[in-house]
Amino acid sequence: WVVLQVPARPLLEKDTVTLRCRGWWNNSVTQVQFYRGDEEVSRSPSGTELSLSPLQLHHSGDYHCRGQVYSGGSWVQHHSVPVNVTVHEIPIPWVSVWAQPPRGQLAPGDRVMLSCAVAAGTGPLSFTWHWGDSGTPLGTSPHLELRHIGDNDSGHYHCRVSNGDSVEESVPLNVTVLVRVANATITPGPLSHQVHVGDPVTLRCSVQVGSAPVTFTWLHNGKEVARGPVLELGDIAVGHSGTYQCVATNQLGQDGHRVLRALSPELALEVTPGSPWVT
């Protein structure tokens, strides 16, 4: 005889929803009472609606209504079948992460703070930080501090946020720990074979470790003479005598505010006038 109507859509916090107590075949209903469980929440002698605004999580529950329905020449009290009303937390639309200081590349020993924020959503919110595909959380707060980072800390970090009803994940943030250039060497050095005066000589510079891009500068007797990993001396002559070194360089960040260098050992060439050999 009596039906409680509830909108057939997901109900979110801060929404407005109206419950209606209706009589079968639109029979008139009076003295309407609304209940959540066994607790009366509203009573209206002539009204048939209950407005819940703004919706809160505590509004969830099983609702039913009672009312007087005119039937068979008299007013008879009837009650509706309970209908479940579930109020959901507002979904999290997106999650963002950023680093402070805002550098894409870091040097070993640096400190960086990662922060996580949501555009909207209701709480309580829970945060977890993850590295790569690892399922083990690195932290459970909106901020993650990385202290004295090393080479093994490079990788993609992301933040996962949950409000109980929904879970959203940020786009991964790439953290790159720069490997300093080290152990620059010149080959051949010393020359692996005898060279005649007038022969072409090529020197090559390399580093054992170092994050790209690595640049090379050649010094002859302390003065810059060329750039690049290869130095072509051409036909050896007396003027090529002296010491050679290469300087390997890489830098931190695109702004290049921190330049790291590695200097190779000296390579000495001696071209003696009148001698057919280079030592």
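Note that the coordinates shown come from a computational prediction; the quantities given were computed from them, not determined experimentally.

Parameters and conventions
- Residues numbered from 1 in each chain as written.
- Predicted model: local features only at pLDDT ≥ 70, side-chain atom pairs only at ≥ 80, totals over all residues.
- Heavy atoms only, no water.
- Helix = DSSP H or I, 4+ residues; strand = E, 2+ residues; numbered from the N terminus.
- Rg over C-alpha atoms; globule rule 2.2 N^0.38 Å.
- Buried < 20%, exposed > 50% of the residue type's maximum accessible area, 1.4 Å probe, protein only.
- Lys, Arg positive; Asp, Glu negative; His and termini not counted.
- Charge placed at Lys NZ, Arg CZ, Asp CG, Glu CD.
- Pairing = 2+ DSSP bridges.
- Disulfide = S-S within 2.5 Å.
- Phe/Tyr/Trp six-rings, centres within 6.5 Å; stacked < 30°, edge-to-face > 60°.
- Lys NZ or Arg CZ within 6 Å of the ring centre and 35° of its normal.
- pLDDT = per-residue confidence, 0-100.
- Contact = heavy atoms within 4.5 Å.
- Salt bridge = Lys/Arg side-chain N within 4 Å of Asp/Glu carboxyl O.

1. Comments concerning the overall build of the protein
Of regular secondary structure, the protein possesses zero helices and 28 strands. Relative to the 2.2 N^0.38 estimate, which gives 19 Å for 279 residues, the radius of gyration of the protein is 39 Å and therefore markedly larger than a compact globule would have. Expressed as lengths along the three principal axes of its C-alpha atoms, the size of the protein is roughly 135 × 30 × 25 Å. A total of 279 residues make up the protein; the buried ones form 35% of that total. Of note, the protein has its 17 positive side-chain charges centred 7 Å away from the centre of its 23 negative side-chain charges.

2. Things to note about the pairing of strand β1 (residues 2-5)
Only one face of β1 is buried, namely the one carrying Val2 and Leu4, since none of Val3 and Gln5 on the opposite face is buried. As paired elements, β1 and strand β3 (residues 17-23) share four bridges and run antiparallel to each other. Bridging across to β3, glutamine 5 finds its partner in arginine 20.

3. Examining the state of the cysteines
Across all of its chains, the model carries three disulfides by this definition. Shown here is the disulfide that connects cysteine 116 with cysteine 159, its sulfur atoms set 2.2 Å apart. Across the S-S bond linking cysteine 116 and cysteine 159, the dihedral sits near -85°, which makes this disulfide left-handed. Placement of the pair is cysteine 116 in strand β13 (residues 112-118) and cysteine 159 in strand β16 (residues 155-162), with a sequence separation of 43 residues. Across the pair, exposure class does not vary: cysteine 116 and cysteine 159 are buried alike. In this model cysteine 205 forms its disulfide with cysteine 246; the gap between the sulfur atoms is 1.8 Å. Taking the sign of the torsion about the S-S bond as the criterion, the disulfide between cysteine 205 and cysteine 246, at about 45°, is right-handed. Pair noted here: cysteine 205 is in strand β21 (residues 200-209) and cysteine 246 is in strand β25 (residues 242-252), with a separation of 41 residues, a long-range link.

4. Quick notes on the packing of aromatic side chains
With the rule as written, the count across this model stands at two aromatic pairs. Considering the side-chain rings of tryptophan 24 and tryptophan 25, the 5.9 Å spacing of their centres and the 80° angle between planes classify their relative orientation as edge-to-face. Sitting over the ring of tyrosine 35, arginine 66 keeps its end group 5.1 Å from the ring centre.

5. A few points about unusual backbone geometry
Excluding glycine, a negative phi dihedral is what most residues carry, and trans is how most peptide bonds are arranged. The peptide bond linking serine 53 to proline 54 adopts the cis configuration, its omega dihedral lying at -15°. Note on placement: proline 54 falls in the loop between β6 (49-52) and β7 (61-71). Here threonine 187 and proline 188 are connected by a cis peptide whose omega angle stands at -10°. One can find proline 188 in the loop between β19 (182-187) and β20 (195-196). Despite not being glycine, asparagine 183 has its phi angle at roughly 60°, a positive value. Position of asparagine 183 relative to the elements: it lies in strand β19. Note on asparagine 183: relative accessible area 47%, which makes it partly exposed.

6. What about the confidence of the model for the protein?
Taken as a whole, the protein shows an average pLDDT of 86; of its residues, 94% reach a score of 70 or greater. Here strand β12 (residues 105-106) stands out as the element of the protein with the lowest mean pLDDT, 73, in contrast to strand β9 (residues 83-85), whose mean of 95 is the highest.

7. Quick look at the environment of glycine 139
Mapped onto the fold, glycine 139 is located in the loop between β14 (126-131) and β15 (143-146). Along the primary structure glycine 139 and cysteine 159 are separated by 20 residues, whereas in three dimensions their C-alpha atoms are 9.4 Å apart.

8. A few points about the side chain of serine 166
Inspection of the secondary structure puts serine 166 in the loop between β16 and β17 (167-169). Excluding residues that lie within four positions of it along the chain, serine 166 makes contacts with Pro91, Ile92 and Val161.

9. Here we look at the pattern of salt bridges
Under the definition given, this model contains eight salt bridges. Between glutamate 224 and arginine 227 there is a salt bridge, with its nearest N and O atoms 2.7 Å apart. A single salt-bridge network, built from bridges that share partners, covers Arg111, Glu145 and Arg147.

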